[in-house]
Amino acid sequence: MSSLSERSALLALRLITYLVVCTVGFIVFDIVIKGIGVVNWSFLTTNPQGAAGGIFPAIVGTLYLVFGAIVVALPLGMASAIYLTEYAKQGRLTNTIRLAIVTLAGVPSIVFGLFGLGLFVLFFGFGTSILSGSLTLACMVLPTIIVSSEEALRAVPLALRDASLALGATKWETIRKSVLPYAIPGMMTGSILGIGRAAGETAPILLTVAAFSLPQLPRSVYDQVMALPYHLYVLATQFPNQDEARPTAYGTALVLLLLVLGLNTGAIVLRSHFRRRNKW
Amino acid sequence: MVITMPAAFTIERHGDPVEFKPKVVARHLSFYYGAVQALFDINLTIPENQVTALIGPSGCGKSTFLRTLNRMNDTIDGTRLEGKITIDNQDIYKNGTDVVTLRKRVGMVFQKSNPFPKSIFENIAYGPKIHGIRNKAVLEELVEQSLKRAGLWEEVKDRLHLNALDLSGGQQQRLCIARALAVDPEILLMDEPASALDPRATARIEDLISELRSDYTIVIVTHNMQQAARVSQYTAFFMEGRLVEFDDTEKLFTKPKEKQTEDYVTGRFG
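Residues numbered from 1 in each chain as written. Chains lettered and ligands numbered in written order. Predicted model: local features only at pLDDT ≥ 70, side-chain atom pairs only at ≥ 80, totals over all residues.

On to the overall build of chain A. Scanning chain A from N- to C-terminus turns up 11 helices and two strands. Ordering the α and β elements of chain A from the N terminus gives α-α-β-β-α-α-α-α-α-α-α-α-α. Dimensions along the principal axes, computed over C-alpha positions, put chain A at roughly 70 × 70 × 35 Å. Residue pairs in contact within chain A that sit at least 24 positions apart in sequence constitute 77% of those at least 6 positions apart. (Helix = DSSP H or I, 4+ residues; strand = E, 2+ residues; numbered from the N terminus. Contact = placed C-beta atoms within 7 Å.)

So, in structure tokens, the structure goes:
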């Protein structure tokens, strides 16, 4: 009896797992099959012509936005994490701050988009621009960066901090020389994974930066850009002639998928590399 | 409350009174982790250039006491100290005390060896670099000297750039001692430095402690009473946060004054 329920539980769990894997596999397979025919050198390097043509400006735009978000969010997130784990007195206030950060991570992306529109585009007057878009994306990934950075900091053994402090190092010297060098790989990994997700977001950039079609590249951070996720949305919904737009949309989806996959793979390789090096 | 500190103190050594310069003096010392009191009115004078062992059952406060001497307890949230501790007649808890200078004077070796995941050289040079030594030749000299003092030089002189974590447990602990010596402390605090080591490595650490005594005042926490008897000249017995007895090690182990001490050293409990 018990062995029967044991076996059926195992079977059910296994089937559910396979189902999940199959779903992901099917999505990826579908995109690869339908997109691979479109993706070639000229697709990656030329401007769009209506529903056809290349997606060069969208690739560049997404890279700019991701880069901008990293530049803004990484230092801010790491600094907050250092403060929260190393300096802040652990108590009700710190716990409230942590709760706020976790809640922030759960805020829908369209809300971040509206927030960016209100604050960066209108209030600060940055207009719909790379600056506004990057800052909005940065706000969105900030909670992920803080949470994963805190984890990375806590993974550094307390004994190392003690060793450094006992030698007469100040707290900041200890953090700089004996904590950060071992925490930074973990901080980077978590952060890149978070940013990889943001790279595919449409809602935050829809209201703050993305251009429907913009054949020339931006000349400053105050310019608009095209971006892969928004371009994909446009291709999928805004062209009456879907026979022409559909293959381009699949190609765009494939490129976006590869970009995010590339970021994540990079993060994972980085992590396993440093894990091997830091053994304690 | 005015607390007066002794300028010199006399204590028996093998039955004869010997006068020592008091290196560390604790008077009416109480310590709290939040609402929990861990030390109760400790009065203890630690003689210069001697090894003083702190013994007692787990949770008796000996490690807590040790960590008050270099203010490592400051790193724990919610701790509080009452009373007074002086080192060379300077109150180390006075407002405005520079903890960095204090910890440079009072080195510490921990129970579990904790080398930085850096090279042997960088481990030893860590302290001196923090205290402003940049000159490579000076650092090299310091590293060699410290490793020699800790009896590790011959074993590692050809591989100073090896990661310290690749050393054996006993070597790692001697490296930690060398690292503490590199900042030229006057006092060395050791928190069960050999408890994680095999007997041979333990013997090496004990020999080392005896060698270092002439230059440093050593305070060692140990669970191992034979070890206390072997390495120390003086022993303090702690129980439930109180100092029960402090005496010449030989006397404390053979003719303890207090019943509790006798029960503990004869193994009747603990």
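All names here are of chain B. Across the two faces of strand E8 (residues 106-109) the burial is the same, with Val-106 and Met-108 and Gly-107 and Val-109 all buried. In terms of strand pairing, E8 meets strand E9 (residues 187-191) through four bridges, oriented parallel. Looking at the pairing, Val-106 lines up with Ile-187 of E9. (Buried ≥ 20, exposed ≤ 12 C-beta atoms within 10 Å, placed from the backbone. Pairing = 2+ DSSP bridges.)

Between its terminal C-alpha atoms helix H3 (residues 56-87) of chain A stretches 45 Å, which fits the 46 Å expected from 32 residues at 1.5 Å a residue. Ala-73 of chain A marks the point of greatest bend in H3 of chain A, at about 30 degrees, and the proline Pro-75 of chain A comes within the next four residues. (Expected span 1.5 Å × (residues − 1). Bend = angle between axes of the 7 residues up to and from the residue.)

Residue and element names in this part refer to chain B. Within E9, five of the five residues are buried, which leaves it mostly tucked inside the rest of the structure. Relative to strand E10 (residues 217-221), E9 runs parallel, the two sharing five bridges. Bridging across to E10, Ile-187 finds its partner in Thr-217. Regarding the hand of the β-α-β motif, the stretch spanning E9, helix H7 (residues 199-212) and E10 is right-handed. (Right-handed = clockwise from strand over helix to strand, strands pointing away.)

So, on to the packing of helix H3 (residues 120-130) of chain B against helix H6 (residues 169-181) of chain B. All names here are of chain B. For the pair H3 and H6, interaxial distance at closest approach is 7 Å and the crossing angle is 35 degrees. Where H3 crosses over H6, the handedness of that crossing is right-handed. Residues Ile-120, Asn-123, Ile-124, Tyr-126 and Gly-127 of H3 form the contact with H6, whose participating residues are Leu-175, Ala-178 and Arg-179. Here the residues of the contact of H3 with H6 sort into five nonpolar, two polar and one charged. (Axes fitted to C-alpha atoms, helices over the stretch in contact; angles between N-to-C directions. Left-handed = near helix turned anticlockwise from the far one by under 90°. Nonpolar A, V, L, I, M, F, W, Y, C, P; charged D, E, K, R; others polar.)

A word on the interface of chain B and chain A. Taken together, the contact between chain B and chain A spans 21 residues of the former and 18 residues of the latter. Residues of the side of chain B that touches chain A, tallied by class, amount to 10 nonpolar, six polar and five charged.

Backbone hydrogen bonds hold the strands of a sheet together, and the pairing may be parallel or antiparallel. Residue and element names in this part refer to chain B. Read from one edge to the other, the open sheet built from four strands follows the order E4-E3-E6-E7, with strand pairing classed as antiparallel. Edge positions in the open sheet fall to strand E4 (36-47) and strand E7 (90-91), since each of these has one partner strand only. Where strand E3 (residues 22-33) meets E4, eight bridges bridge the pair, whose relative direction is antiparallel. Considered in E4, the bridge of Leu-29 is made with Ile-42.

This brings us to the confidence of the model for chain B. Interpretation of this model should avoid reading the predicted coordinates in detail wherever pLDDT is low. Residue and element names in this part refer to chain B. Confidence in the prediction for chain B averages 90 pLDDT; 96% of positions are at 70 or higher. Least confident of the elements in chain B is strand E1 (residues 9-13), whose mean pLDDT is 74; most confident is E10, at 96. For this predicted complex, the interface score ipTM comes out at 0.89, while the overall pTM is 0.83. (pLDDT = per-residue confidence, 0-100.)

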